[in-house]
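One-letter residues, chain by chain:
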Amino acid sequence: MYAQMVKSEAADESAEAQAFQARIDAGEKIEPKDWMPAGYRKTLIRQIGQHAHSEIVGQLPEGNWITRAPTLERKAILLAKVQDEAGHGLYLYCAAETLGVSRDELTEMLLDGRMKYSSIFNYPTLTWADMGAVGWLVDGAAIMNQVPLQRTSFGPYSRAMIRVCKEESFHQRQGYDIMMKMAQGTPEQKAMAQNALDRFWYPSLMMFGPSDADSVHSAQSMAWKIKMNTNDELRQKFVDQTVPQAEYLGLTVPDKTLKWNDEKGGYDFAEPDWAEFFEVIKGNGPCNTERLAARNKAWDDGKWVRDGLLAHAEKRNARKVAAE
Ligand code: BYC
């Protein structure tokens, strides 16, 4: 069992819970000071917290390439993108804080492995073409997931998603632009682009979460409009959108079974290796140890700043009390 909450936790038949559900069904936004079922709060903290952690950990595979970007322009663009991810993490931590959990608590849960972050960031970025694949596929998958979340029922989360989505579409375009350059470049560059697509295709499909049959949270989260679509629905939309983009690049999606299905109006495609996915989210992916070590080091290195700010706040407070 890889999930942190069992379905029964959500079962709350009280009059308050029924009135709450009626508000959700009527499309009202829930705000931080409104009454909410404990399970709704817990699910949001889990999802928004994991989302925030993903943005922060997600800086690592790209940050790794800032010094090696091929031109000054590419360097400036990548730097701006990575900074955007830090901003996304901050909006999301703020949204989670309105639910009564502090950013420090969330960070500690990430660092000691109690909270997850997206599986995708446990794969290495080996070549410059990977920056293209990450922007195109990873940010592309993120947008597919996050556009519907602009309509999610919790006000602070939905408002954070509006700005995040605007920035993500810039990220996706910069990734596709790198892929275009590589795919139209020398045979070696085109091969590099194909290799990046080969390695990032299935991990990108995994970003949407396990298949609906194995998704423990989807039913309740969709009833609460914390999630607007199932994992499989979004994965299908992503494949349908991305395959023509790969064709335009002259690259081949690494799936021999991929075939347009007229009846369903979408592609039939091979599922990712779910055993690999569950290993990665258990902590056994190619880069889990490295990613968590980097975040732990950043937390330890920042201790003097946190201590200094705390001491300053305490001094100011003591002065204020003495003056009263
Ligand atoms: N990775 O019942 P399910 C970005 C876990 S950042 C790891 O379907 P749920 C970017 C799931 O947490 C993008 N774990 O869960 C940043 C649960 O375990 P727990 C991040 C995963 O929550 C920088 C268990 O599997 N986006 O794009 O209903 C640079 C069962 O799954 C994953 C978000 O976070 C995964 N991929 O649905 C570039 C979006 N999938 O928690 C780009 C917000 C599932 O019970 N989150 N698990 O222990 C969501 O929409 C949903 O949480 C998910 C999963 C669709 C991801």
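The coordinates are above.
First things first, this report covers the structure right here in the doc. Predicted, not measured: the structure shown is a model, and the values here were computed from it. (Residues numbered from 1 in each chain as written. Predicted model: local features only at pLDDT ≥ 70, side-chain atom pairs only at ≥ 80, totals over all residues. Heavy atoms only, no water.)

Turning next to the overall build of the protein. A count of helical and extended segments in the protein gives 13 helices and two strands. For the protein, whose C-alpha radius of gyration is 21 Å, the value lies close to the compact-globule estimate of 20 Å for 324 residues. When its C-alpha atoms are laid out on the principal axes, the protein stretches across 75 × 50 × 35 Å. Counting over 324 residues, the protein shows a buried share of 48%. Counted over contacts in the protein with a minimum sequence separation of 6, partners at least 24 positions apart contribute 78%. Accessible area of the protein: about 16,100 Å², with a carbon and sulfur share of 56%. (Helix = DSSP H or I, 4+ residues; strand = E, 2+ residues; numbered from the N terminus. Rg over C-alpha atoms; globule rule 2.2 N^0.38 Å. Buried < 20%, exposed > 50% of the residue type's maximum accessible area, 1.4 Å probe, protein only. Contact = heavy atoms within 4.5 Å. Areas by Shrake-Rupley, 256 points an atom, 1.4 Å probe, with all protein chains shown as cover.)

Roughly 1,100 Å³ of volume is contained in the largest pocket. For the largest pocket, the lining is made up of 49 residues, of which Gln50, Ser118, Met207, Phe208 and Gly209 are closest to its centre. If one sorts the elements of the lining of the largest pocket by residue count, helix 6 (residues 129-149) sits on top with nine residues. Roughly 250 Å³ of internal volume is contained in the second largest pocket. Taken together, Ile56, Tyr93, Arg103, Asp104, Thr107, Leu110, Leu111, Arg295, Ala298, Trp299, Gly302 and Arg306 make up the lining of the second largest pocket. (1 Å grid on protein atoms, 1.4 Å probe; cavity = no way out; pocket = protein on both sides within 12 Å on 5 of 7 lines; lining within 4 Å. Points joined across faces, edges and corners; volume = space filled by probe spheres on them.)

Bringing the side chain of asparagine 288 into the picture now. Relative to the helices and strands, asparagine 288 is located in helix 12 (residues 288-301). Look past the residues within four positions of asparagine 288 in its chain and what remains in contact with it is Tyr117, Asn122, Val280 and Gly283.

Another aspect to go through is the nonpolar core. Trp128, Trp136, Leu137, Trp201 and Phe238 are the most contacted members of the largest nonpolar core, which has 45 residues in total. Every element with two or more residues in this core is listed here: helix 4 (72-97), helix 5 (103-111), helix 6, helix 7 (155-183), helix 8 (187-206) and helix 10 (231-249). For this core, the element with the most residues is helix 6, which contributes nine residues. Not counting chain neighbours up to four residues away, the residues in contact with tryptophan 128 comprise Trp65, Ala69, Pro70, Arg74, Leu78, Ile178 and Met182. The next biggest cluster of nonpolar side chains, apart from the first, holds 25 residues, and it includes Leu44, Tyr93, Leu99 and Val101. (Core = buried A, V, L, I, M, F, W, Y, C linked by side-chain atoms within 4.5 Å.)

With that out of the way, let us pick up a negative patch on the surface. Residues Glu97, Asp104, Glu105 and Glu108 make up a contiguous surface patch of negative charge. Summarising the element assignment, glutamate 105 is placed in helix 5. On the basis of relative accessibility, which here comes to 39%, the residue glutamate 105 falls in the partly exposed class. (Patch = residues over 30% accessible without salt bridge, like charges linked within 9 Å, V, L, I, M, F, W, Y side chains within 5 Å. Salt bridge = Lys/Arg side-chain N within 4 Å of Asp/Glu carboxyl O. Lys, Arg positive; Asp, Glu negative; His and termini not counted. Charge placed at Lys NZ, Arg CZ, Asp CG, Glu CD.)

Turning our eyes to something else, we now look at the pattern of salt bridges. Close approach of charged atoms allows side chains with opposite charge to pair. Using the criterion set out here, one finds 16 salt bridges in the structure. Among the ionic pairs, lysine 81 bridges to glutamate 62, the shortest N-O distance being 2.8 Å. Of this pair, lysine 81 sits in helix 4 while glutamate 62 sits in helix 3 (residues 59-63), and the two are 19 residues apart along the sequence. Taken as a pair, lysine 81 and glutamate 62 share a single burial class, namely buried. Linking aspartate 112 and arginine 114 is a salt bridge whose minimum nitrogen-to-oxygen distance equals 2.8 Å. Given a relative accessible area of 45%, aspartate 112 falls into the partly exposed group. Here the salt bridges do not stand alone but share partners, grouping Glu62, Lys81, Glu85 and Asp139 into one network.

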